[in-house]
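Residue strings, one per chain:
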Amino acid sequence: MHNHLRTFMLLAAMTALFVGAGYLIGGPGGMAIALALAVAMNAVSYWNADKIVLRMYGAQEVDERHPDRLIANFAADVHALADGAGMPRPKVYLIDSEQPNAFATGRDPEHAAVAANLGLLRMLDRREIRGVMAHELAHVRNRDTLTMTVTATIAGAISALANFAFFFQGNDRDRPGGFLGVIAIAILAPIAAALVQMAISRHREYGADAGGAEISGDPEALASALQKIDAYARGGMINHQAERNPATSHMFIINPLSGEGADNLFSTHPATQNRVAELMKLAGRAPSVTGGPRRSGTAVPVTPAERGPWSS
């Protein structure tokens, strides 16, 4: 209920922003057009935001029948984790990008999808991959995915308001905000887009980390994976699709645009070291530093997971 209320408030706020911007740019006529566009955008976001995001990244659905054993094992592990958590099996997607990363999407657990970059399968071992995908399943179980996908769609649309303001034709007398109103919108719209991305509390990542550790029974595997993913992101491994669609960066397990060193007001993700510390507390151990390339051959054969506090 909390997530549904949060999504409703987000959509209402964005609708108000669109309508207000339309009024400042084009008066009552602009407000009417903006209202119609906002209603249409909200409907599309609710029913199709997951498809839009997957299409942005060129994601391809995969399953256990894939001829590449690495990919087949990946899909099988996601389904096994979902079965163990008593969840509906999500669709599994693969993105052709070398930066290791992953995200979940969909309006509810019955219509969910999880996606991973090819680099995740190549650079992490199987135990770590399971930890990452358990984190994404926790987002699905917590129903974060609707808010995340709708936020991504709306944030991109808000960013376009700046261009819309400059290209709108008409006499300044027809614009209640005048030229200064247009300038204000052009400046504030990108800031509003950033605020939308932060509307989803960073605490959802901590919650998904804890939930993922419970689903996999192996918090240390997720902690190790987070450190490796963060190290590769900092090492200059560019996610070109994310760079073209920055409004979706908050959906990933680690910021695909840059590795932030500490929590701050404008960060969409908690600092990786803070997340690792929390996971290691769950595991009952002090944080340790790992990272770098994966060991050869560890991504395909099953790596026995160390028993965590939720293991039976």
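Residues numbered from 1 in each chain as written. Predicted model: local features only at pLDDT ≥ 70, side-chain atom pairs only at ≥ 80, totals over all residues. Heavy atoms only, no water.

1. Quick word on the packing of helix H8 (residues 219-234) against helix H10 (residues 272-283)
Worth spelling out the cut-off: Every axis in this analysis is a line fitted to C-alpha atoms, fitted for helices over the stretch in contact. Angles between the N-to-C directions lie between 0 and 180 degrees. Under the scheme used here, helices are H or I runs from DSSP no shorter than 4 residues and strands are E runs no shorter than 2 residues, and both carry numbers assigned from the N terminus. Oblique is the label for any angle not covered by the other classes, which are roughly parallel (under 35 degrees), roughly antiparallel (over 145) and roughly perpendicular (65 to 115). Handedness of a crossing is defined here by the sense of rotation of the near helix relative to the far one, left-handed for an anticlockwise turn of less than a right angle and right-handed for a clockwise turn. Note on contacts: a residue pair is in contact if any heavy atoms of the two residues lie within 4.5 Å.
Where H8 meets H10, the closest approach of the two axes is 8 Å, and the angle between their N-to-C directions is 165 degrees. The angle between H8 and H10 places the two elements in the roughly antiparallel class. Viewed along their axes, H8 and H10 form a crossing whose handedness is left-handed. Residue-level contacts link Pro-219, Glu-220, Leu-222, Ala-223, Leu-226, Gln-227 and Asp-230 of H8 to Thr-272, Arg-275, Val-276, Leu-279, Met-280, Leu-282 and Ala-283 of H10.

2. Remarks on H10
Keep this limit in mind: Each residue after the first adds 1.5 Å to the expected span of a helix. Throughout this description, buried means an accessible area under 20% of the type-specific maximum (1.4 Å probe, protein chains only), exposed means over 50%, and partly exposed covers the range between. Summarising the geometry, the arc corresponds to the directions from the helix axis toward the C-beta atoms.
For H10, spanning twelve residues, the distance from its first C-alpha to its last is 16 Å, which sits close to the expected 16 Å at 1.5 Å a residue. Taken together, the buried positions of H10 are Thr-272, Arg-275, Val-276, Leu-279 and Met-280. The arc enclosing the buried residues of H10, seen along the axis, measures out at 135 degrees, which places them on a common side. Backbone geometry just after H10 places Gly-284 at a positive phi near 80 degrees.

3. Some details on the packing of helix H7 (residues 203-216) against H10
For clarity, the threshold we go by: Under the scheme applied, nonpolar residues are Ala, Val, Leu, Ile, Met, Phe, Trp, Tyr, Cys and Pro; charged residues are Asp, Glu, Lys and Arg; polar residues are all the others, including Gly.
At their nearest, the axes of H7 and H10 sit 10 Å apart, and the two run at 35 degrees to each other. Along this stretch, H7 crosses H10, giving a crossing that reads as right-handed. Taking contact as the criterion, the partners of Glu-205, Tyr-206, Asp-209, Ala-210 and Ala-213 in H7 are, on H10, Asn-274, Arg-275, Glu-278, Leu-279 and Leu-282. When the residues that make up the contact of H7 with H10 are grouped by side-chain class, the tally is five nonpolar, one polar and four charged.

4. Some words on the pattern of salt bridges
Going by this rule: In the sections that follow, a salt bridge refers to a side-chain nitrogen of Lys or Arg positioned within 4 Å of a carboxyl oxygen of Asp or Glu.
What the rule picks out here adds up to 13 salt bridges. A salt bridge links Glu-205 to Arg-204; the nearest nitrogen and oxygen atoms lie 2.4 Å apart. Comparing Glu-205 with Arg-204 shows no difference in burial state: the two are buried. Between Asp-209 and Arg-275 there is a salt bridge whose closest N-O contact spans 2.9 Å. Residue Asp-209 is found in helix H7, and its partner Arg-275 is found in helix H10; the two are separated by 66 residues along the sequence. Exposure remark for Arg-275: the relative accessible area of 0% places this residue in the buried category. Residues participating in the shared-partner salt-bridge network are Arg-204, Glu-205, Asp-209 and Arg-275.

5. Some points on the nonpolar core
Operational definition: Buried Ala, Val, Leu, Ile, Met, Phe, Trp, Tyr and Cys residues form a nonpolar core when they are joined through side-chain atoms within 4.5 Å.
In terms of nonpolar packing, the biggest core is built from 42 residues, with Phe-74, Val-114, Leu-120, Leu-121, Leu-124, Val-132 and Met-133 touching the most fellow members. Leave out the neighbours within four places in its chain, and Met-133 touches Phe-74, Val-78, Leu-81, Ala-102, Val-114, Ala-115, Ala-116 and Leu-120. In terms of nonpolar packing, the next biggest core, distinct from the first, is built from 13 residues, Ala-59, Tyr-93, Met-148 and Phe-252 among them.

6. Topic: the side chain of His-269
For the record, the criterion: Whenever a nitrogen or oxygen atom comes within 3.5 Å of another N or O atom, the pair is scored as a polar contact, on the condition that within protein one atom can donate a hydrogen and the other can accept it, and that pairs from neighbouring residues in sequence are kept only if both atoms are in side chains.
With respect to the element layout, His-269 can be found in the loop between helix H9 (240-244) and H10. We classify His-269 as buried; its relative accessible area is 6%. At a separation of 2.6 Å, a polar atom in the side chain of His-269 contacts the main-chain carbonyl oxygen of Phe-252.

7. Describing the environment of Val-132
When you line up the elements, Val-132 lands in helix H4 (residues 126-141). In this structure Val-132 touches Ala-102, Leu-120, Leu-124, Leu-222, Ala-225, Ile-229 and Ile-253, once residues within four positions along its chain are discounted.

8. A short note on the side chain of Glu-205
When you line up the elements, Glu-205 lands in helix H7. For Glu-205, a relative accessible area of 0% corresponds to the buried category. Polar contacts involving the side chain of Glu-205 include one to the side chain of His-135, which spans 3.1 Å. Look past the residues within four positions of Glu-205 in its chain and what remains in contact with it is His-135, His-139, His-250, Phe-252, Ile-253, His-269, Pro-270 and Arg-275.

9. Regarding the confidence of the model for the protein chain
This is how the line gets drawn: pLDDT is a residue-level measure of predictor confidence that goes from 0 to 100.
Residues at a pLDDT of 70 or more form 73% of the protein chain, whose mean pLDDT is 79. pLDDT under 50 marks residues 259-265. Its contacts with residues more than four places away, or in other chains, come to 17 contacts. Low pLDDT, under 50, characterises residues 289-312; the predicted model gives this stretch 53 contacts beyond four residues in sequence or across chains.

10. Quick notes on the sheet that holds strand S4 (residues 113-117)
One key point about sheets: their strands pair by backbone hydrogen bonds, in either a parallel or an antiparallel sense. Test applied: Strands pair, by our definition, only if DSSP identifies at least two bridges between them.
The strand order across the open sheet built from four strands is S1-S2-S4-S3, with neighbouring strands paired in mixed fashion. The outermost strands of the open sheet, each flanked by one partner alone, are strand S1 (60-62) and strand S3 (102-105). Between one strand axis and the next, the sheet turns through 30 degrees on average, direction left out of account. Packed on one face of the sheet, helix H2 (residues 69-84) meets S1, strand S2 (91-95) and S4 and runs near 145 degrees to S2. Running at roughly 25 degrees to S3, H4 makes contact with S3 and S4 of the sheet.

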